[in-house]
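Chain and residue survey
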Amino acid sequence: MNRLARSLTLAALLATPALAQDAPVLAELWANNGSLPPEFAWETGVTIHDNGQLTLRHCRGYETDGPACKTRKAKVGADALEAIRAAAKTSGLHDKPARPPEVVMVGGAMTGGLVWLDGQRIDLPAEVHEDDLDRVSGVMRAIRAAIPDRFDRFLDD
């Protein structure tokens, strides 16, 4: 392999991780176990990109960086990505967003997220009006199904 070919190959290999993160975000999911003392508290954020790259960040206590936080990566299949898009489309949340609940919960674990569909952000609040619960839950189930089972321990506690 000549010098130019080696340089181009090396440049392509080094650029691949950066390109993976530059893909548009398709969906995000976040979860926490509520307001607890630091030794019991945790928070997880999952980002799924259009190209199938998934990043999960899990932090214990109320830390946002350092040894209390771990990052894991995975690849989401095309079928799972399409299931998220389909659930978001059929939910109707892009035309009629979920409304807030009549009674707001105080404390406790929460899970929420969002989806980007055709350039529009669709919020998936942790708490919604009971009439919107099925629409939001359907999209959240599709996102959750795309996350590999080995990451379940970071989303439930």
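A brief structural summary. Since we're looking at a predicted model, the values are computed, not measured.

**Focus on the pairing of strand β5 (residues 110-117)**
- By the bridge criterion, six bridges tie strand β1 (residues 25-32) to β5 in an arrangement that is antiparallel. Following the sheet pairing, A27 is matched in β5 by V115.
- Taken together, the five bridges between β5 and strand β6 (residues 120-124) define a ladder with antiparallel strand orientation. Counted as the bridge partner of L117 is Q120 from β6.
- Between β5 and β6, which follow one another and run antiparallel, lie two residues, and D118 among them has a positive phi close to 50°.

**With respect to the sheet that holds β6**
- With respect to topology, six strands assemble into an open sheet ordered β4-β3-β2-β1-β5-β6, the strand pairing being antiparallel. Two strands close off the open sheet at either side, each with one partner strand: β4 (69-75) and β6. Ignoring strand direction, the axes of neighbouring strands in this sheet form an average angle of 10°.
- By the bridge criterion, seven bridges tie strand β3 (residues 53-60) to β4 in an arrangement that is antiparallel. Paired with C59 across the bridge in β4 is C69.
- On top of the sheet, helix α2 (residues 78-91) reaches β1, β2 (42-49), β5 and β6; it is set at about 90° to β5, its chief contact.

Cut-offs and rules
- Residues numbered from 1 in each chain as written.
- Predicted model: local features only at pLDDT ≥ 70, side-chain atom pairs only at ≥ 80, totals over all residues.
- Heavy atoms only, no water.
- Pairing = 2+ DSSP bridges.
- Helix = DSSP H or I, 4+ residues; strand = E, 2+ residues; numbered from the N terminus.
- Axes fitted to C-alpha atoms, helices over the stretch in contact; angles between N-to-C directions.
- Contact = heavy atoms within 4.5 Å.

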